[in-house]
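What the coordinates show
So the chains spell out like this:
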Amino acid sequence: MVMSRIWGDVLMIKKAKLFGMKIHDCHVFMQRLLPIALREMLPKNVWEAITELSCFFKNLTAHVIKVNDMAHLEEEIPIILCKLEMIFPPGFFDSMEHLPIHLPYEARVAGPVQYRWMYPFERYLGHLKKSVKNKARVEGSICNAYLVEESSNFCSYYFEPQVYTRHRKVPRNDDGGDTNDADKSNLMIFSYNGRYSGLARSRWLDEKEHASIHSYILLNCPQVTPYVELYKEHLQDLQPDANNATIESDMEKHFPKWFSNFSQHNAIENQCVANLALKPSRMVMSFNVYFVNGYRFHTTTHSGDRSTSNNAVCVFGEGFKYYGVINEIIEVSYSGFPIQKTVLFKCKWYDPTPNVGIRIHDRYNIVEVNTKRMFNKYEPFILALQATQVYFVPYPSMRRDKVDWVVACTVKPRGVFNIPENKVASNDDAFQEDEAQLIEVEVSLEDDIPLNNLVNDPYFELPKEETDEDELSFLNPRMRLNLAIIQMMI
């Protein structure tokens, strides 16, 4: 993960310093870690200004941007910089601090930044520097290495298909196949691509796990949905006054048995759906690593001593987002010809109750999860194809109201793009958001600058000769007052 790469290479714990950070490291640090790290260390007004600047760059570098969003950022960035000028001394500001004023307009005209930024060129320059073997002849070493590389790459196109070359390299989070090549006659839960890594161990499910897996697969298989609706109508006829919670609870307990009886007395055209009526085998295979959806998932025990953490997961439920960690990755099989197999994650879920187990910041959309409050229902399993990877960042604070809370941040999948058909996506490894999530920037004066005192101050007045009233007509009175304060400070 990107975060672990930053801390592992640039953090000096004994000296409490960050050193040798590259431009992309600063990019990630400012957008993701800075708002979390400074929340308990700085006054609220200072933290909000820095967080708004962080959100500005996060939205600016998103994969998908809209003209209206860039226009919104173009209106907000002057206010954010005014807030920063009220906090930091004048010597802090130079042309680089003024540059963000023009970036939204540039993105609105030229498009997403991943086609224009310098990361690919900087990586390639680093690649060329590594090819230098004779420091007395730097240019000659680079030219010779470049010619050898280009010649070998050109010749590799004439090799047999089974020969491994750089252009046929398997992606880092390869899931083992293409979804378009899957068997259309098979169920989606059995044909979804994914692959495991490492040794597999077999074990037997207990009665509670066996029943929970069987019920979850039936209720989350799209081909079984018509039968679920049929059973729901049957329950509503028997219990007209039952609410949705009662019906859902009854379905989890009794639908598998009803579906088994239904398949025995009625002909089901799809044989794969009919095989689901039979319970899966009690013997399952257990893994530590699994690749799916462009992610690399680890179990909690496998991630214990590692610098990277790939065991946190998020899944969308009915009205909630469920956050948790993976305890086990198991593969279950159903009888039939051929034997059908699917992979599930056994997770430990945190309480999804709003403002109790999960808190979302009103303005900055920071998601906090309470790791001490657990989900009170026994629903540990999800299908691997439903999983979205996240990572948890703890607050650097010992306060009681923060020590149990962590910030949940989403992870960008590798090699997976949600794009329309007939579009080409750039597989850029640089870290960025998929879509912009705009925030509202509040315009307010600091507590240590009383508004009434400024208005009554005989030395405080708006410039009359240099400032044209028509030029400030688009500003509201509070923004004009902020502009006057900035002019006085300069």
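The notes below deal with the structure included here. (Residues numbered from 1 in each chain as written. Predicted model: local features only at pLDDT ≥ 70, side-chain atom pairs only at ≥ 80, totals over all residues. Heavy atoms only, no water.)

Next up on the list: the sheet that holds strand S6 (residues 289-292). One open sheet holds the 3 strands; their spatial order is S3-S6-S7, and the pairing between them is antiparallel. Both outer strands of the open sheet, strand S3 (195-197) and strand S7 (295-298), are each paired with one neighbouring strand and no more. Averaged over all pairs of adjacent strands, the angle between strand axes in this sheet comes to 25 degrees, irrespective of strand direction. Pairing of S6 with S7, which is carried by 4 bridges, proceeds in the antiparallel orientation. (Pairing = 2+ DSSP bridges. Helix = DSSP H or I, 4+ residues; strand = E, 2+ residues; numbered from the N terminus. Axes fitted to C-alpha atoms, helices over the stretch in contact; angles between N-to-C directions.)

A cluster of nonpolar residues, Tyr124, Tyr146 and Leu147, forms a patch on the protein surface that exposes about 300 Å² of accessible area. Summarising the element assignment, Tyr146 is placed in helix H8 (residues 138-156). (Patch = residues over 30% accessible without salt bridge, like charges linked within 9 Å, V, L, I, M, F, W, Y side chains within 5 Å. Areas by Shrake-Rupley, 256 points an atom, 1.4 Å probe, with all protein chains shown as cover. Salt bridge = Lys/Arg side-chain N within 4 Å of Asp/Glu carboxyl O.)

On the secondary structure map, Leu11 appears in strand S1 (residues 11-12). Among the residues examined, Leu11 registers a relative accessible area of 34% and is labelled partly exposed. (Buried < 20%, exposed > 50% of the residue type's maximum accessible area, 1.4 Å probe, protein only.)

So, about unusual backbone geometry. Of all residues except glycine, most have a negative phi; of all peptide bonds, most are trans. Residue Asn355 is not a glycine yet carries a positive backbone phi of 65 degrees. Relative to the elements of secondary structure, Asn355 occurs in the loop between strand S10 (340-349) and strand S11 (358-360). You will see that Asn365, though not glycine, has its phi angle at about 55 degrees, which is positive. Counting through the fold element by element, Asn365 comes out in the loop between S11 and strand S12 (367-370).

Further remarks concern helix H6 (residues 103-110). Taken together, the buried positions of H6 are occupied by Leu103, Pro104 and Ala107. Looking straight down H6, one finds that the buried residues subtend no more than 100 degrees of arc, so they occupy a single side. Those residues of H6 that are buried are in contact with helix H3 (44-60) and helix H4 (67-87). Once H6 finishes, Gly111 follows within two positions and takes phi at roughly 95 degrees, a positive value. (Arc of directions from axis to C-beta. Contact = heavy atoms within 4.5 Å.)

Running from amino to carboxyl end, helix H2 (residues 23-37) crosses H3 at an angle of 155 degrees, the nearest separation of the two axes being 8 Å. What the angle tells us is that H2 and H3 run roughly antiparallel. Where H2 crosses over H3, the handedness of that crossing is left-handed. Side by side, H2 and H3 meet where Met30, Gln31, Arg32, Leu34 and Pro35 of the first sit next to Trp47, Ile50, Thr51, Ser54, Phe57 and Lys58 of the second. Here the contact of H2 with H3 is composed, by residue class, of 6 nonpolar, 3 polar and 2 charged. (Parallel < 35°, antiparallel > 145°, perpendicular 65-115°, else oblique. Left-handed = near helix turned anticlockwise from the far one by under 90°. Nonpolar A, V, L, I, M, F, W, Y, C, P; charged D, E, K, R; others polar.)

Further remarks concern the packing of H3 against H6. Working note: a packed helix pair is described by the angle between its axes plus the distance between those axes. Put simply, H3 and H6 touch, their axes get as near as 11 Å, and they point 10 degrees apart. If you check the angle between H3 and H6, you find them roughly parallel. When you trace H3 past H6, the crossing you get is left-handed. Contact residues: H3 offers Phe56, Phe57 and Leu60, while H6 offers Leu103, Pro104 and Ala107. A per-class count over the contact of H3 with H6 returns 6 nonpolar, no polar and no charged.

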